[in-house]
Each structure stands twice: as structure tokens, then as C-alpha cells.
Amino acid sequence: SPGITEMKPLVDGFAKKFPFIKVDFYRGISEKLLSKILTEERAQTHRFDVVLTNTLELDDLIARGIIAKYKSPERNAFSERDMDKEGYWTNVQSSYYVLGYNTKLVPAASAPKDWPDVLSPQWKQSFAMDREEDNWYGAMLEYLGPEAGGRFMRRLASIDPVFHRGHTLIAQLLAAGEFSLAIVYPHRVEAMKKQGAPIEWVTTIKPIIAEMGPIGIAAKASHPNSAKVFVDYILSREGQQLLRDAGRIVPRRDVPPLTASFEATKLELFPLSGNVLRRRNELAQEFSEIFKTR
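How each quantity is defined
Residues numbered from 1 in each chain as written. Predicted model: local features only at pLDDT ≥ 70, side-chain atom pairs only at ≥ 80, totals over all residues. Heavy atoms only, no water. 1 Å grid on protein atoms, 1.4 Å probe; cavity = no way out; pocket = protein on both sides within 12 Å on 5 of 7 lines; lining within 4 Å. Points joined across faces, edges and corners; volume = space filled by probe spheres on them. Helix = DSSP H or I, 4+ residues; strand = E, 2+ residues; numbered from the N terminus. Buried < 20%, exposed > 50% of the residue type's maximum accessible area, 1.4 Å probe, protein only. Nonpolar A, V, L, I, M, F, W, Y, C, P; charged D, E, K, R; others polar. Contact = heavy atoms within 4.5 Å. Phe/Tyr/Trp six-rings, centres within 6.5 Å; stacked < 30°, edge-to-face > 60°. Core = buried A, V, L, I, M, F, W, Y, C linked by side-chain atoms within 4.5 Å.

Before going further, it helps to examine empty space enclosed by the protein. In total, this model carries 2 cavities of 30 Å³ or more according to the counting rule given. In this model, the second largest cavity occupies a volume close to 60 Å³. Around the second largest cavity, the lining residues are Tyr-70, Ser-72, Gly-87, Tyr-88, Trp-89, Thr-90, Ile-215, Gly-216, Ile-217, Val-231 and Leu-235. Of all the elements in the fold, those that place two or more residues in the lining of the second largest cavity are strand E8 (208-218) and helix H8 (224-235).

Structure (C-alpha cells):
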């Protein structure tokens, strides 16, 4: 989900437009955010009006009746795949899992074009991934099917990937030349390129796993009207442009992407499904067995 730096321009922009509505912003990792909401729910102290988290946590809250339906008029500018048909959520920004490479170590001509290219022995011990790359792992298996997916993962494990924790750290180590290839977030790569880092990402991989950042309104919001105004603002053209300018990939169709390479119609995107997210524990265990990370 968006960090403090990316949310600040949004909260500031909103405050300028609606000075009479005060926004208190709380950020935590999604699991922590979920338990905070559930604790408040049990204590009957309904603290939050709007929540922006991941699909799994939001699904959980919807199932518990904690999220209300709200079909913002701004949703007309979003595609069907970026919203819940019932109206429980709309996607605010996406994170893509892509292959990145260090341009000093890998000339563009010899960079992998697709996932199978990474299986070449030349990348042995020079390909990095997050030690908890379970979401990517599960979505890839869903895309490839269990047979082909399992084969791909076992072969990937045989090139001895390097493991670290955190995609931002991995992108920094990739730029520093610690390894040649890595699974990274392309919006980070673009931000680092602007600062002169020798790093690039591959647009031709099939699939690019896409994770959503959906927003929803509390069923027992203390300020339901303000909550709607805030959600409308984040989904509005102005709100989406602010998020895009802060370096994020936004789904609103009339907001051109940060760089042409993010043009969604040119990428083979595959959304991370609730199916994969619900099986996260079992997938995490499989992942650690195949890649020997624990």
C-alpha cells in the first residue's frame, strides 16, 4: 500500500480542497492494520472511516461485515477489473512484480525477455528474490497451472537464487551490482532510474503479476459522508494524478501513466487473486520447501 511519502500529497491536496474535513492518517503493515481494526471492532470503538489495504485483508473485513458498499461516481473512469461489482472496493494503485536487471552487468540485448530465460545457468547465484515471494509464487502457479508451474519453480530453485527481505532493498542491491537480475517493483525501478541508477525492467515478461491496493469505507464509519468525499477525491483525476506523480501505477483510465512502459494494454497483466491470497500459509510453506529459505 502507498507509503507516507505518497499519501502526504493526497492528504494535503484533500485538506486544501476540503479544509473543514480533518484527516488522521495511520499507516501499518497490512496484517497489523487488520488486527488493529478487529480489536477496535471487538471493543465497539469504531475508529476508522476509510481503509486502503490489500485484497486479502479487505476480503476478510467484507466477510465480517465491517465494510460498506459505496459506488463512487468516479468509478466510471476505472475498468471492471479494478473494482468490486457489488461496490465494496475500488483499486487505487497497483504494484507489479517484474524482472529487473543491472544495466552495467547485463547489456539490454542479453537481458531475459521472459521468465523461462531466467532458468539459464548463466544466472546461477546472480538472480535475487524476496525470501517471502509467496504472492508472486502462488499467482505464477495459477497462471501456468500446477504441473508447468511446479516444474518452472523447481528449475528456478536450481539456479540458487539469492534471498533478501523487501523489494525496495532488493532494487537497491541490484543497482549496486550485488547481483544481475531480481524480482522488483517497476515503479521503484523508474524512480531509481530518474536518480541515475543503472537499473531497468523487462516489459515483455508473461505474465506480470499485478497486486491491487483497494479502498473501502467502514460499515460503521463515524463520518460516513466525509468518508465518501475522501474516497471520491482519491479516485478522482486529481487524486490519481497526485499518486501517479508520487511514482505509483494508477488504474484510472484518463490519467496517462508515468512512463509509456506502464501502458497497461501493452503488458501481459495477471491479477493476484483472492484465491492465491487465501492459500497464503500453505503457499508460503511450499515456497520455503522448494527454495529452502527456512
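Having seen the structure, we can now continue with the description.
The residue after Lys-206, namely Pro-207, is reached through a cis peptide bond having omega -5°. As for its placement among the helices and strands, Pro-207 is situated in the loop between strand E7 (199-201) and E8. A positive phi is found at Gln-125, a non-glycine position, where the angle reads about 60°. Within the secondary structure, Gln-125 is located in the loop between strand E3 (90-102) and strand E4 (127-130). Given a relative accessible area of 54%, Gln-125 falls into the exposed group. Its identity is not glycine, yet Asp-160 carries a phi of approximately 55°, on the positive side.

Within the fold, Leu-243 resides in helix H9 (residues 237-245). As a C-alpha pair, Leu-243 and Pro-9 span 234 residues in sequence and 7.8 Å in three-dimensional space.

So, on to the layout of surface pockets. In this structure, the second largest pocket encloses a volume near 440 Å³. Lining of the second largest pocket is provided by 25 residues; of these, Arg-81, Tyr-96, Val-250, Pro-251 and Ala-264 occupy positions nearest its centre. Elements supplying a minimum of two residues to the lining of the second largest pocket: E3, E8 and strand E9 (269-271). With 3 residues, E3 is the largest single contributor of residues to the lining of the second largest pocket. Residue composition of the lining of the second largest pocket, grouped by class: 14 nonpolar, 4 polar and 7 charged.

Along an α-helix, residues three or four positions apart point the same way, because every turn accommodates 3.6 residues. All of the buried residues in helix H6 (residues 167-175) are His-167, Ile-170, Ala-171, Leu-173, Leu-174 and Ala-175. Taken together, the buried residues of H6 touch E3, E4, strand E5 (162-164), strand E6 (181-184), helix H7 (186-194) and E7. A positive backbone phi angle near 85° is found at Gly-177, which sits one or two residues after H6.

Let us now look at the packing of aromatic side chains. What the rule picks out here adds up to 12 aromatic pairs. Aromatic side chains Phe-14 and Phe-18 sit 4.9 Å apart centroid to centroid with 40° between the ring planes, which places their arrangement in the tilted category. Taking the centre distance of 6.2 Å and the plane angle of 90° together, the rings of Phe-18 and Phe-20 count as edge-to-face. Members of the aromatic cluster, joined through ring pairs, are Phe-14, Phe-18, Phe-20, Phe-230 and Tyr-233.

Take the side chain of His-187 next. By secondary structure assignment, the location of His-187 is in helix H7. The residues touching His-187, leaving out its near neighbours within four places in the chain, are Ser-95, Gly-247, Arg-248, Ile-249 and Phe-262.

A word on the nonpolar core. For soluble globular proteins, the rule of thumb is that nonpolar side chains tend to be buried together. Ranked by size, the top nonpolar core spans 56 residues in total, and within it Phe-127, Met-129, Trp-136, Met-153, Leu-156 and Phe-291 carry the most contacts. When residues no more than four places from it in sequence are discounted, the contact partners of Leu-156 are Val-118, Leu-119, Phe-127, Met-129, Trp-136, Pro-161 and Phe-291. Within the second largest apolar cluster, 36 residues are counted, among which are Leu-33, Leu-34, Ala-77 and Phe-78.

Within the secondary structure, Gln-240 is located in helix H9. A relative accessible area of 0% means that Gln-240 is categorised as buried. If we ignore the near neighbours within four places in the chain, the residues touching Gln-240 are Phe-78, Val-92, Ile-234, Leu-235, Val-250, Pro-251, Arg-252 and Val-255.

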